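Summary of structural features
One-letter residues, chain by chain:
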Amino acid sequence: MNKTAKIKKNHQFIVLQKLVIVSLLIGFLSAFLGITLKKITEYYEEIFFHEVSVHPIFYIVFPVFGLSVIYFLRQYLFKKKENKGIKEVFESTQSKSKNLPSYKIPSHFINGLLTVVFGGSTGIEVSTVVATATIGSVAHEKENVFRKYKTELICAGVAAGVTALFSSPIAGILFALEVISRKVTRAFLISNLIAVSIAFGLITILKEEPLFAVSITTWHLKAIPYFILLGILAGVNSVYLTRCVLFFKSQFGKIGTHYYKILIGSAVLSISLFIFPQLYGEGYHAIKGIFATTREIPLTITLALSFIGILILKPIVTSITLASGGDGGVFAPSLFIGAFLGLLLASFLNTFFHVHVIPVNFMIIGMAAVLSASIHAPFTAIFLVCGLTNDYTLFLPILVVCLISKYTAKLIYPFTVYSYAPSILK
């Protein structure tokens, strides 16, 4: 009996050793992929955005070129298989037989990059999530002892990728838990903690700066009623984003010829980008721009109409980007919408009610609130946005507003783009 127990204990120790080693490898590869995609995308997006600013003709050329290249790559390089976003990850974790094929790594990497740098109004986050999930999936297939740890290893890849993008290991683990795994096991904790530690170590060595350099000084209790209002508005806006994505994917799915989808999508995208250049790519350049001018600006009719136009158009152009073949998701659009919504509300309150709220606080809280409501993951949103700014001053109001926005959204429409109508999500 003692001999049997000893053999079992040795086997468990060997499995644990292998799990630690594979988690280290997944963490490094996923973080390296995430950082590389982020850096390349930032570099080329800046160059291409400068070109369209100087030569507006590229507003027409870039979207149709980018979507066409993605289409031909899918046809001739990636075996005519479309990328279905995070739905692919869910399908893999919920099935013993379905795995993420290794070509998903270059497919999502390349298509995500091309979508954003050529003006597609989305971000690289979902491309990174699926590519890094594939790293975990491929690793689980290599050893028989890992067969029962499929979800844990996929989550380890995702957590490391999110950590690399947003400099927040807590957000990485929480996203893997709240959105993908939905349960905590011993193997989940071991693999994910190791993976995000390696990812955070790598971004520390590379001296990755927070995405948004903002100065947050304080917040006031008198602003709480306005924060609550922001949470409700964020919930409403997130539902609008979700419904837009579902609607346009459904409508474009009825178009038989894919090149018609590209022509329609790029036409809408080109016109929208020409009117509002802030919608180009993931939109972080526009967020940085409004962070740089967060002094109190009187809200004129022209400015208000511009903000409202951006808030109405962003979900539409994001949805059409995805429906016409672009690769991406709702992470970056949610952050973008939240920042502009927060600034619009703060400017409105200060101009017409003279309440003297702090605009930058509303922008940051708005980013977290819309993301929380869009993916129904409030704790991911909290730590992700705090990681983006490297500041936890607003932690408490962000917590409250994220919960309000999530439950407001669920009350209006109980689904996210991840959970509704799987047959039309791509």
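Numbers given for residues are sequential positions, taken from 1 along each chain in its written order. This being a predicted model, a pLDDT of at least 70 is required before a residue's local features are given, and a value of 80 or more before pairs of side-chain atoms are given or counted; all residues contribute to the totals for chains, interfaces and linings. Computation of side-chain values covers all heavy atoms of the structure but excludes hydrogens and water.

What to know about the pattern of salt bridges
Salt bridge, as used here: a side-chain nitrogen of Lys or Arg that lies within 4 Å of a carboxyl oxygen of Asp or Glu. Per the counting criterion, the structure on display carries five salt bridges. The shortest N-O distance in the salt bridge between glutamate 208 and lysine 39 comes to 3.1 Å. In this pair, glutamate 208 is assigned in the loop between helix H8 (186-205) and helix H9 (224-252) and lysine 39 in helix H1 (residues 2-54), connecting sequence segments 169 residues apart. Each residue is assigned to one of three classes by its accessible area relative to the maximum for its type, calculated with a 1.4 Å probe on protein chains only: buried under 20%, partly exposed between the two thresholds, exposed over 50%. Taking relative accessible area as the criterion, glutamate 208 reaches 16% and is therefore assigned buried. Close ionic contact of arginine 74 with aspartate 327 constitutes a salt bridge, the shortest N to O distance being 3.8 Å. Of this pair, arginine 74 sits in helix H2 (residues 58-76) while aspartate 327 is found in the loop between helix H12 (301-323) and helix H13 (331-352), placing the two residues 253 residues apart along the sequence. Residue arginine 74 is classed as buried on the basis of its relative accessible area, which comes to 6%. What counts as a helix is a DSSP run of H or I of at least four residues, what counts as a strand is a run of E of at least two, and both are numbered from the N terminus.

A word on unusual backbone geometry
Leaving glycine aside, a negative phi is the common case for residues, and trans is the common case for peptide bonds. One non-glycine residue, serine 167, lies in positive phi territory at about 55°. If you trace the backbone, serine 167 turns up in the loop between helix H6 (150-166) and helix H7 (169-181). Of note, the phi angle at arginine 182 is positive, near 65°, even though the residue is not glycine. Among the structural elements, arginine 182 can be located in the loop between H7 and H8.

Here we look at the packing of H9 against H12
Packed helices, taken two at a time, are described by the angle their axes make and the gap between the axes. Axis separation between H9 and H12 bottoms out at 8 Å; the angle between their running directions is 35°. Once H9 is placed against H12, the crossing between them reads as right-handed. Of the residues in H12, those in contact with Asn237, Tyr240, Leu241, Cys244, Val245, Phe248, Lys249 and Phe252 of H9 are Leu311, Ile312, Pro315, Ile316, Ser319, Ile320, Leu322 and Ala323. When residues are sorted by character, Ala, Val, Leu, Ile, Met, Phe, Trp, Tyr, Cys and Pro go into the nonpolar class, Asp, Glu, Lys and Arg into the charged class, and all the rest, Gly among them, into the polar class. The residue inventory of the contact of H9 with H12, partitioned by class, reads 13 nonpolar, two polar and one charged. Each axis is a line fitted through C-alpha atoms, taken for helices only over the stretch in contact, and angles between the N-to-C directions span 0 to 180 degrees. By convention the crossing between two helices is left-handed if the near helix lies anticlockwise of the far one by an angle smaller than a right angle, and right-handed if it lies clockwise. We call two residues in contact when some of their heavy atoms are within 4.5 Å.

Details of the packing of helix H3 (residues 86-93) against H6
It is the contact of H3 with H6, at a shortest axis distance of 9 Å, that shows an interaxial angle of 155°. It follows from the interaxial angle that H3 and H6 lie roughly antiparallel. Facing Val89, Ser92 and Thr93 of H3, the residues of H6 in contact are Lys150, Thr151 and Ile154. For the contact of H3 with H6, the residue count by class is two nonpolar, three polar and one charged. For classification purposes, an angle smaller than 35 degrees is called roughly parallel, one larger than 145 roughly antiparallel, one from 65 to 115 roughly perpendicular, and anything else oblique.

As for empty space enclosed by the protein
In this analysis, the protein atoms alone were mapped onto a 1 Å grid. Cavities are point sets where a 1.4 Å probe fits without being able to get out; pockets are open sets with protein on both sides within 12 Å along at least five of seven lines; lining residues have an atom within 4 Å of a point. Grid points are joined across faces, edges and corners, and a volume is the space filled by probe spheres set on the points. One pass over the structure, following the stated rule, counts three cavities of 30 Å³ or more. Its boundaries defined by the atoms lining it, the largest cavity holds a volume of some 90 Å³. What lines the largest cavity is Lys38, Thr41, Glu42, Ile124, Glu125, Leu165, Phe166, Leu211, Glu282 and Tyr284. If you list the elements that add at least two residues to the lining of the largest cavity, you get H1 and H6. Top contributing element to the lining of the largest cavity by residue count: H1, with three residues. Residue classes in the lining of the largest cavity are distributed as five nonpolar, one polar and four charged. Looking at the second largest cavity, its volume works out to about 70 Å³.

Re the environment of proline 106
Within the secondary structure, proline 106 is located in helix H4 (residues 104-117). Once the C-alpha coordinates of proline 106 and alanine 131 are considered, the two residues, 25 residues apart in sequence, prove to be 7.5 Å apart.

Observations concerning the layout of surface pockets
Estimates place the volume of the largest pocket at around 560 Å³. Phe90, Thr93, Gln94, Ser95 and Thr151 are, among the 25 residues lining the largest pocket, the residues nearest its centre. Secondary-structure elements contributing two or more residues to the lining of the largest pocket are H3, H6 and H7. The biggest single contributor to the lining of the largest pocket is H3, with four residues. Taken together, the residues of the lining of the largest pocket sort by class into eight nonpolar, eight polar and nine charged.

A few points about the domain arrangement of the protein
Domain start and stop positions are those given by an automatic or database domain assignment. Each domain of the protein was delimited in the assignment, giving domain 1 (7-206) and domain 2 (221-412). Spacing between the C-alpha centres of domain 1 and domain 2 amounts to 24 Å. Facing the 43 residues of domain 1 at the interface are 42 residues of domain 2. Buried surface at the junction of domain 1 and domain 2, both sides included, amounts to about 3,500 Å², of which 64% is carbon and sulfur. The tally of links between domain 1 and domain 2 comes to one salt bridge. Within the residue set of the side of domain 1 that touches domain 2, elements represented by two or more residues are H1, H2, H4, helix H5 (125-142), H6 and H7. A class-by-class count of the residues in the side of domain 1 that touches domain 2 yields 24 nonpolar, 14 polar and five charged. Buried area is a sum: the accessible area each of two parts loses on coming together, probed at 1.4 Å, counted once for each and added.

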